[in-house]
Every structure is written in C-alpha cells, then in structure tokens.
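Below, each chain spelled out in residue letters.
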Amino acid sequence: MRFKDLEIFISVAKHKSFSKAAEEMNCVQPNVTARIKSLEESHDCVLVHRGAGKVELTSSGELFLKYAEQLVNLQREASIAMAEMHEPAGRLVVGSMESTAAVRLPQVLSEYHARFPAVELVLKTGPSDKTMERLAEFEVDMALVSGVVDGKRWTVDSAYQEELAIVAPRSVSDIDQLDEITVLVFKNGCSYRAQLENWLRQTGRNPYRVLEFGSLEGILGCVGAGMGITFLPVSLIEQAGHQERFSVIRLPAEFANMTTWLVRRKEERYSKALTELRELIIGQPSVPV
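Given the structure is predicted, the values throughout are model-derived calculations rather than measurements.

Parameters and conventions
Residues numbered from 1 in each chain as written. Predicted model: local features only at pLDDT ≥ 70, side-chain atom pairs only at ≥ 80, totals over all residues. Heavy atoms only, no water. Salt bridge = Lys/Arg side-chain N within 4 Å of Asp/Glu carboxyl O. Helix = DSSP H or I, 4+ residues; strand = E, 2+ residues; numbered from the N terminus. Buried < 20%, exposed > 50% of the residue type's maximum accessible area, 1.4 Å probe, protein only. 1 Å grid on protein atoms, 1.4 Å probe; cavity = no way out; pocket = protein on both sides within 12 Å on 5 of 7 lines; lining within 4 Å. Points joined across faces, edges and corners; volume = space filled by probe spheres on them. Nonpolar A, V, L, I, M, F, W, Y, C, P; charged D, E, K, R; others polar. Patch = residues over 30% accessible without salt bridge, like charges linked within 9 Å, V, L, I, M, F, W, Y side chains within 5 Å. Areas by Shrake-Rupley, 256 points an atom, 1.4 Å probe, with all protein chains shown as cover. Pairing = 2+ DSSP bridges. Right-handed = clockwise from strand over helix to strand, strands pointing away. Contact = heavy atoms within 4.5 Å.

Oppositely charged side chains are able to pair whenever their charged atoms sit close together. All chains considered together, the criterion is met by 18 salt bridges. K14 is paired through a salt bridge with E24; the nearest N and O atoms lie 2.7 Å apart. Remark: E24 occurs in helix α2 (residues 18-25) and K14 occurs in helix α1 (residues 3-15); sequence separation between them is ten residues. Take E24: its relative accessible area is 36%, and that puts it in the partly exposed class.

With that settled, the discussion passes to the layout of surface pockets. Size it by volume and the largest pocket reaches roughly 1500 Å³. Together, 46 residues line the largest pocket, and N73, R76, F138, E139 and R265 are the ones closest to its centre.

Attention now goes to empty space enclosed by the protein. Using the criterion set out here, one finds one cavity of 30 Å³ or more in the structure. Looking at the largest cavity, its volume works out to about 50 Å³. Within the lining of the largest cavity, the residues separate by chemical class into nine nonpolar, one polar and one charged.

A few words now on a nonpolar patch on the surface. Taken together, the side chains of F3, L71 and L74 define a hydrophobic patch exposed on the protein surface, amounting to about 270 Å² of accessible area. Within the element layout of this structure, L71 appears in helix α4 (residues 59-83).

Strand direction decides the pairing type here: strand β7 (residues 182-185) and strand β8 (residues 209-212), joined by four bridges, are parallel. Considered in β8, the bridge of T182 is made with R209. Taken together, β7, helix α8 (residues 191-202) and β8 constitute a β-α-β crossover, and its handedness is right-handed.

Okay, the side chain of T100 next. Within the secondary structure layout, T100 lies in helix α5 (residues 98-103). A residue is classified by how much of its surface remains accessible, and T100, at 1% relative accessible area, is buried. For T100, the residues in contact, after removing those within four places along its chain, are L105, L144, Y160, Y192 and T260.

The structure is reproduced here in structure tokens:
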C-alpha cells in the first residue's frame, strides 16, 4: 500500500467523483480507478459504490477513510519533522479574505520571503466560509478569516482589528440619499457581507438589491462608477489611496468593529515555516498549553 494510493482514495471520497479526483491528483481517470481497485483487492473489501452520477463510500470505505487520513497526516508530519532539522522550507499555503490579502499581507509576506527564501508561499483568497472549508480539507495550512470561529475545533489567534464602513460613490455622503440601495458584495460566505446585510435589516432599509462579484477590484470599480455601495475595512480605502474616489460612511461600533482571526487546525504538528509566519502576523510567539 502506497501513500499515493491513500491520497487518491481520500480525494475520491472528498469529491465523490473519479474524474474530479483525477484532476486534483494530476493523473488520468483510469489510473484513479485502478488505484481504488488495487486498494479493494489488497484489503478484500468494497470501498466505494460506483454509480452513474457519483461515487459513494461503503461502510468499509467510511472506516478505511479515517485510517487513510491518519496515515497521510502522519506522513506529512514526518516530512515536516525532517525539514525542521534545517531552516524553514517547503510549501506553505495561506488562505485569506481578499481585503486582508490586499491591505495586511503584502508587507508581512515580503518580509517573510526575505527571511525565509526557501519557503514556497502560496496565497489563496476567498470568502471566510470558503477559506475555512479549504482549511478543513487540508488545502491551506492557515486561514485569515472574520466572523464566528469555533475555538473548540480550531486553534485561533486574534490577528487584526478592523473598522468596517460603508464605501459609497463620491457623490453620496449619507446612505439616506439613496432612493434604492444596491449592495456590491462577494458571494455568500463573506463575513463582511453578512455584517452589512445585518445592519440593513436591523435599520429597516429593506428591500435592497444585491450584486455579487468575484473580485475586490470589480467591486471597487463598480462602486466608483455609481452602481451601489459596499462594506469594507476603512484601512483598505485609506491605505490604497482611494479617499478621492469614494465616500466612507461610518457605522456604530457594534456593526463596524470586526476581528480578523488567524486559524489553524488543532492537534497538528505545525511546520517551522507556518510557525514563523504566524509569529510574524501576530507579533508574538505561541504560548505552550
């Protein structure tokens, strides 16, 4: 039994698809099928139900998945332990909200790269919910998110304190100037969007129209063109020099103040590369528990 076979099986279980697993593992679908069949033959059991629509795990497959994940994680930890005999190296994937990536991370990542050039840094941006999904599925090593985070499930540090504000076209100094409210936001799962919609509902500003975007640049461009309003950290507008393009309408503290959390998986051996980046963001070392 090879670790590659286990990784392929885990991918099939996650995607419930041979073709998607092949895409993720960068191999052809017949190879995935053959690896799963080899695992079944070596353990004398059926691990997956093969249907026309999607793949489902059998009861044996569900049990095997738990051990496969443990073995792959142990192998990953062994690799980390060997790497830590030297300077931080390897691949480190950071998940982040797009606004945090734009304002908070450039200087941090630049300094980190200067200190540890052997580390391959990868940044994946997205809404908080999507980023937490990536963390749970081992697609990122740490996450920078806002909103509610379960401290019993995750290791959580406070990274940044943000003041959020309504960002409107320059001609709008008060939201009550608008006869109709159009909010330009990321897709569902964005904690900033949830906070803005909560404020709109609580202040009776219904109905309002929602336009979803896939990028921060798209949102800001359309706000500047007068299409609607959005909700972003004040630091983003100030640091990016957008004061001449937009109006910033501040809200009460209970709606404006949000914490950006640095989240890691619990009960995991953290690589030296991850620990150094965490300390650079937080500004202090981890406290042993």
